[in-house]
Amino acid sequence: MLTIEKQLVTLNQDIAGQEIGIPVYRLFDDRQKMRKKVYVQSAVHAAEMQGSAVIYRLIEHLKTLNLAAEFVLVPNCNPFGRTQRAGEYLQGRFDATTGNNWNRFYHYDRQDAVEFVRGLTDEDFEQLNKGDETSVIKRFKSHLLTQLQNKIDRDWGVNTAQFLNTTLQEMASKADLVLDLHTGPSSTRHIYAPHNLAEQAKAFNIENIISIPTSFAGALDEASFTPWWDLAELLLERGVTFNYRVDAYTVELGSQENISLDAAEQDALGILNYLSEAGFLEGFEGVPLTPSVVTELKNYKTLFSKHAGMVEYLAKPGEKVSKGQVIARVLNSLEFDSENAITEVLAPATGTIILHYPSAAVQVGTQLFKIAISEK
Ligand SMILES: [Zn+2]
């Protein structure tokens, strides 16, 4: 029978001690004893709310399907960012006090895997050589969780973003699949997939896939899969092929400060399609896939503004552009009486516009566009 548990986990408090929590939903079929786990969170960048609407849709669907895994779903997982506004908008991406990016302080230390492998016994290696990974998987997960708990408990404390990220990671570290739902600023759907899963990621039915290396730069997806690549590498040095991996993706579902329940339904169907193909649920009929393009991270480039002024974005997210095409116009009010009032911005390469800056006011160095390059 399907069980749905809801818990309010306190992460933040106001100065009067009032608790500010995050809702955590757990869905599972209580007839299953050994369950795989899927962890999904949204809006760690607090203004990126579409993922929360998607979690709502996912819960509706999961109720009607056969679950082959336990699902932990955490909408609006950032109770700090959620309460920081700048004018009419959620501050969102960065801690308003420190400037820290809320998605860059997850825990990772290669030593975690090194220490773990050092502690393995001859019997453990014997078992691994027989192809039985169960015990090592379970113990490495528990080892990683202990490192996270130690990090939060240590004498000197941690900064707010580390506290948030590490606490979320405690939940994520138990999972076999981790989905971190984000949006771009003004953006089309795209997904960051570790390179080994770039083909498999097509099941999400998202047109643009960015293939990333399995190394760590601070985000939750990387913090989830990198330790398992380390473990496999260290075991290979000891002559053992270790196959288990935690899979993790960052899924970018449109634009910030916006939700669409209709788009959320499409987003949810894509995610369910992936979950079904990866064996985490049964009874989902599937979706017709639209063709998707895989771009390596090195070919996913940012175009920084060379000019300050007011910008008109001519090329829209999702649009294909050619090298040399005018993709924006920058208007400078000091030059209205001359022919220099408008400066055209040209696409430096042929590719797909994935996102652009959300504001019409830009300065030199503003990230104007991000483009998935198809030809240089
Ligand atoms: Zn984000």
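Each remark here, short or long, concerns the structure printed above.
Residues numbered from 1 in each chain as written. Predicted model: local features only at pLDDT ≥ 70, side-chain atom pairs only at ≥ 80, totals over all residues. Heavy atoms only, no water.

The subject of this paragraph is the overall build of the protein. Counting its secondary structure elements, the protein contains seven helices and 22 strands. Against the 2.2 N^0.38 benchmark of 21 Å for 376 residues, the protein shows a C-alpha radius of gyration of 22 Å, consistent with a compact globule. In terms of its C-alpha atoms, the protein occupies a principal-axis envelope of roughly 80 × 55 × 45 Å. For the protein, the proportion of its 376 residues judged to be buried stands at 52%. (Helix = DSSP H or I, 4+ residues; strand = E, 2+ residues; numbered from the N terminus. Rg over C-alpha atoms; globule rule 2.2 N^0.38 Å. Buried < 20%, exposed > 50% of the residue type's maximum accessible area, 1.4 Å probe, protein only.)

Our focus in this paragraph is the packing of helix α2 (residues 110-118) against helix α4 (residues 134-153). Remark: α2 packs on α4, axes separated minimally by 10 Å, with the N-to-C direction vectors making an angle of 135°. It follows from the interaxial angle that α2 and α4 lie oblique. Crossing hand, α2 versus α4: right-handed. Contact residues: D112, A113, E115 and F116 in α2; V136, R139, F140, H143, L144 and Q147 in α4. Taken together, the residues that form the contact of α2 with α4 break down as five nonpolar, two polar and three charged. (Axes fitted to C-alpha atoms, helices over the stretch in contact; angles between N-to-C directions. Parallel < 35°, antiparallel > 145°, perpendicular 65-115°, else oblique. Left-handed = near helix turned anticlockwise from the far one by under 90°. Contact = heavy atoms within 4.5 Å. Nonpolar A, V, L, I, M, F, W, Y, C, P; charged D, E, K, R; others polar.)

On to α4, then. Look at α4: 29 Å from first C-alpha to last across 20 residues, which is about the 28 Å you get at 1.5 Å a residue. Listed as buried for α4 are V136, I137, F140, K141, H143, L144, L145, Q147, L148 and K151. Against α2, α3 (122-129), α5 (160-172) and α6 (220-237) lie the buried residues of α4. (Expected span 1.5 Å × (residues − 1).)

Our next topic: the coordination of the zinc ion. Bound to the zinc ion are the protein donor atoms H45 (ND1), E48 (OE), E48 (OE) and H182 (ND1), situated 2.0 to 2.7 Å from the metal. Between the four donor atoms coordinating the zinc ion, the angles at the centre fall across 53 to 147°, so the site counts as irregular. Coordination of the zinc ion draws on donor residues from a single chain, spaced H-x2-E-x133-H in sequence. Of this pair, H45 sits in the loop between β3 (36-42) and α1 (50-62) while H182 sits in strand β8 (residues 177-184), placing them 137 residues apart in sequence. In terms of burial, H45 and H182 fall into one category: buried. (Donors = N, O, S within 2.8 Å, 3.2 Å for Na, K, Ca; no water. Tetrahedral: all angles 85-135°; square planar, octahedral: opposite > 155°, others 65-115°.)

Before going further, it helps to examine the environment of A264. Mapped onto the elements, A264 comes out in helix α7 (residues 261-277). Of the residues examined, A264 reaches a relative accessible area of 0% and is grouped as buried. The residues contacting A264, other than those within four sequence positions of it, are Q50, A53, V54 and R57.

Another aspect to go through is empty space enclosed by the protein. Within this structure, the stated rule accounts for one cavity of 30 Å³ or more. The wall of the largest cavity is formed by 16 residues, among which L144, Q169, S173, A223 and P227 lie closest to the centre. Put simply, the parts of the chain that give the lining of the largest cavity at least two residues each are α4, α5 and α6. For the lining of the largest cavity, the element with the highest residue contribution is α6, accounting for four residues. When its residues are assigned to classes, the lining of the largest cavity shows 10 nonpolar, four polar and two charged. (1 Å grid on protein atoms, 1.4 Å probe; cavity = no way out; pocket = protein on both sides within 12 Å on 5 of 7 lines; lining within 4 Å. Points joined across faces, edges and corners; volume = space filled by probe spheres on them.)

Let's shift gears to the sheet that holds strand β19 (residues 342-346). One open sheet accounts for four strands, arranged β19-β18-β16-β21; its pairing is antiparallel. Both edges of this open sheet fall to β19 and β21 (361-362), since each of them pairs with a single strand only. In terms of strand pairing, strand β18 (residues 326-331) meets β19 through five bridges, oriented antiparallel. Bridge pairing in β19 links V326 to L346. (Pairing = 2+ DSSP bridges.)

This part takes up the nonpolar core. Residues Y39, L168, W228, L231, L235 and F242 are the most contacted members of the largest nonpolar core, which totals 49 residues. Of all the elements, α6 adds the most residues to this core, at eight residues. Contacts of L235, omitting those with residues within four sequence positions, involve V117, L120, F125, L128, V240 and F242. (Core = buried A, V, L, I, M, F, W, Y, C linked by side-chain atoms within 4.5 Å.)

On their own, these measurements won't tell you what the molecule is for.
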